[in-house]
Amino acid sequence: MFKLLLTMSPSAKSCDSYYYFFYSPNSLFGMGNPLLDISAVVDKDFLEKYGLKPNDQILAEDKHKALFEEIVKNFQVEYHAGGATQNSIKIAQWMIQEPHKVSTFFGCIGEDRFGEILKQKAEEAHVDAHYYEQTEEPTGTCAACITGDNRSLVANLAAANCYKKDKHLDLEKNWSLVEKAKVYYIAGFFLTVSLESILKVAKHAAENNKLFTMNLSAPFISQFFRDALMEVIPYVDVLFGNETEAAMFSKEQHFETEDIEEIAKKTQALPKVNMKRQRVVVFTQGKDATIMTRGDKVEMFPVLKIDHKDIVDTIGAGDAFVGGFLSELVQDKDLEDCVKAGHYAANVIIRQAGCTFPDKPDFH
């Protein structure tokens, strides 16, 4: 059932002045690792102590356990609902605004205070979140260690790592929400959790000629979860990534090139299940132009300019780009419009602390 929104200018006198926007509830589906972000500006000594690079994303190891306590104890922290996929789905819903719950999200949390915060945040963002709640592990957290314009993310998946296909995705009430969607987005991070869940959704999309989109997410995904990633790539209609992720993907695929345009072309040409759609590859490059394959071309799209002093932090910039892109894609907009929306959303988010945003977007 489509929701029809009508707007008419005060001086409108004909049907030509009506603007129709069609949205379907639950038409955008995301599945991933819901995390509570703990953000703080830290110093270089802190990064060195825990062996962190200034601009990186890793999974927490035993040596990082004390990090989460220390960052709260020694630095001024802020808490935000996070996790890459959840961020993007939240941003897409913010860009869409009305109706609520165009976006759906699945993931696993603990039955605890942090889990309640995540449920509350999803409700506030008007996202239709259906969490698998369990008691074995606490809700996952992500330490965002900020130095200057850089952010080093250390994720302790905990409950997010406990998502179970048979306990949640396969349930009729949940799978019916998957079937309602026409665009799917899953960040590469979820490959470390439930490959079988990703493949079930990806195959559904391919069999029904719907759009399945994914993100390379971090260099370690291409490096250490290569086999799982390559099981999913044939189903991917739109693949996102940044320049460092693209470089690692190229290395692991033996593309033998560091040229980002060539990497995009070679990635586009990888085997694909649904031949009705040619794969689109989108690589962001921070302040440099975004690269996108379209047909047999590779196009460049300059990002929106921003004064360096207006950048608060870059946490969630990539997630925001994807969210903006998806908000237009779910409306069947042209790919160029999708990139513009992505650039807009990223430009807004880097002016805020964490992956947060003002009440309403100003995107036309």
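Residues numbered from 1 in each chain as written. Predicted model: local features only at pLDDT ≥ 70, side-chain atom pairs only at ≥ 80, totals over all residues. Heavy atoms only, no water.

All right, on to the sheet that holds strand S9 (residues 140–147) then. In space, the five strands of this open sheet follow the order S5-S10-S9-S4-S6, with mixed pairing throughout. Single-partner strands in this sheet number two, and they are strand S5 (56–59) and strand S6 (78–82). Each strand axis lies, on average, 20° off the axis of its neighbour in the sheet, ignoring direction. Two elements, S5 and strand S10 (residues 150–156), share four bridges in a ladder whose sense is parallel. Bridging across to S10, Leu-59 finds its partner in Ala-155. (Pairing = 2+ DSSP bridges. Helix = DSSP H or I, 4+ residues; strand = E, 2+ residues; numbered from the N terminus. Axes fitted to C-alpha atoms, helices over the stretch in contact; angles between N-to-C directions.)

Our focus in this paragraph is the packing of helix H10 (residues 243–252) against helix H11 (residues 260–268). Closest axis-to-axis distance for the H10/H11 pair is 10 Å, and the angle between their directions is 60°. For the element pair H10 / H11, the angle class is oblique. Crossing angle aside, the handedness with which H10 passes H11 is left-handed. Together, Glu-243, Ala-246, Ala-247, Phe-249 and Ser-250 of H10 and Ile-260, Ile-263 and Thr-267 of H11 make up the contact between the two elements. A breakdown of the residues in the contact of H10 with H11 according to their chemical character gives five nonpolar, two polar and one charged. (Parallel < 35°, antiparallel > 145°, perpendicular 65-115°, else oblique. Left-handed = near helix turned anticlockwise from the far one by under 90°. Contact = heavy atoms within 4.5 Å. Nonpolar A, V, L, I, M, F, W, Y, C, P; charged D, E, K, R; others polar.)

Scanning the model with the defined rule gives 17 aromatic pairs in all. Judged by centre distance (6.2 Å) and plane angle (35°), the rings of Phe-189 and Phe-220 are tilted. Linking Phe-189 in the loop between strand S11 (183–187) and helix H7 (195–207) with Phe-220 in helix H8 (residues 219–224), this pair joins segments that are 31 residues apart in sequence. Accessibility classification places Phe-189 together with Phe-220 in one group, the buried group. One aromatic cluster in this structure is built from Tyr-185, Phe-240, Phe-321 and Phe-325. Against the face of Trp-175 rests Lys-200, its NZ or CZ located 4.3 Å from the ring centre. (Phe/Tyr/Trp six-rings, centres within 6.5 Å; stacked < 30°, edge-to-face > 60°. Buried < 20%, exposed > 50% of the residue type's maximum accessible area, 1.4 Å probe, protein only. Lys NZ or Arg CZ within 6 Å of the ring centre and 35° of its normal.)

With that settled, the discussion passes to the pairing of strand S15 (residues 288–294). Most of S15 is tucked away: five of the seven residues are buried. Of the pairings in the sheet, the one linking strand S14 (residues 280–285) to S15 comprises three bridges and is antiparallel in character. Across the sheet, the residue bridging to Gln-285 is Asp-288, located in S15. Hairpin connection of S14 to S15: two residues between the antiparallel strands, including Gly-286 at a positive phi of 60°. Examined bridge by bridge, S15 and strand S16 (residues 297–301) share five bridges and lie antiparallel to one another. Directly across from Thr-293, in S16, lies its bridge partner Val-298. Linking S15 back to S16 in an antiparallel pair, the connection comprises two residues, with Gly-295 at a positive phi of about 65°.

Next up on the list: the nonpolar core. Membership of the largest hydrophobic core comes to 93 residues, with the highest contact counts inside it found for Met-31, Tyr-163, Val-201, Phe-212, Phe-283, Phe-325 and Leu-329. Tallying contributions element by element places H7 first for this core, with six residues. Not counting residues up to four positions away in its chain, the partners in contact with Leu-329 are Val-183, Leu-211, Thr-213, Val-238, Leu-335 and Cys-338. (Core = buried A, V, L, I, M, F, W, Y, C linked by side-chain atoms within 4.5 Å.)

Before going further, it helps to examine the packing of helix H3 (residues 84–96) against helix H12 (residues 317–329). Contact geometry for H3 and H12: axes closest at 7 Å, N-to-C directions at 45°. Classified by the angle between their axes, H3 and H12 sit oblique to one another. Considering how the two elements wind past one another, H3 and H12 form a crossing that is right-handed. Contact with H3, carried on its side by Ala-84, Asn-87, Ser-88, Ile-91, Ala-92, Met-95 and Ile-96, involves Asp-319, Ala-320, Val-322, Gly-323, Gly-324, Leu-326 and Ser-327 of H12 and no other residues of that element. When the residues that make up the contact of H3 with H12 are grouped by side-chain class, the tally is eight nonpolar, five polar and one charged.

Let us now look at H7. Every α-helix winds through 3.6 residues per turn, so residues three or four apart in the chain are directed the same way. Compared with an ideal rise of 1.5 Å per residue, which puts 13 residues at 18 Å, H7 spans 18 Å between its outermost C-alpha atoms and is within 8% of the ideal. Among the residues of H7, those classed as buried are Ser-197, Ile-198, Leu-199, Val-201, Ala-202, His-204, Ala-205 and Ala-206. Those residues of H7 hidden inside the fold are in contact with strand S3 (28–31), helix H5 (165–169), helix H6 (172–180), S11, strand S12 (211–215) and helix H9 (226–232). Asn-209 sits one or two positions beyond H7 and adopts a positive phi of about 50°. (Expected span 1.5 Å × (residues − 1).)

Take the UniProt feature "active site" (unreviewed entry) in the protein next. Those residues carrying the UniProt feature "active site" (unreviewed entry) are Asp-319 in this numbering. Note that Asp-319 resides in helix H12. For Asp-319, a relative accessible area of 15% corresponds to the buried category. Apart from the residues within four sequence positions on either side, Asp-319 is in contact with Ala-84, Asn-87 and Ser-88. (UniProt positions renumbered as here; feature names shortened; annotations may be inferred.)

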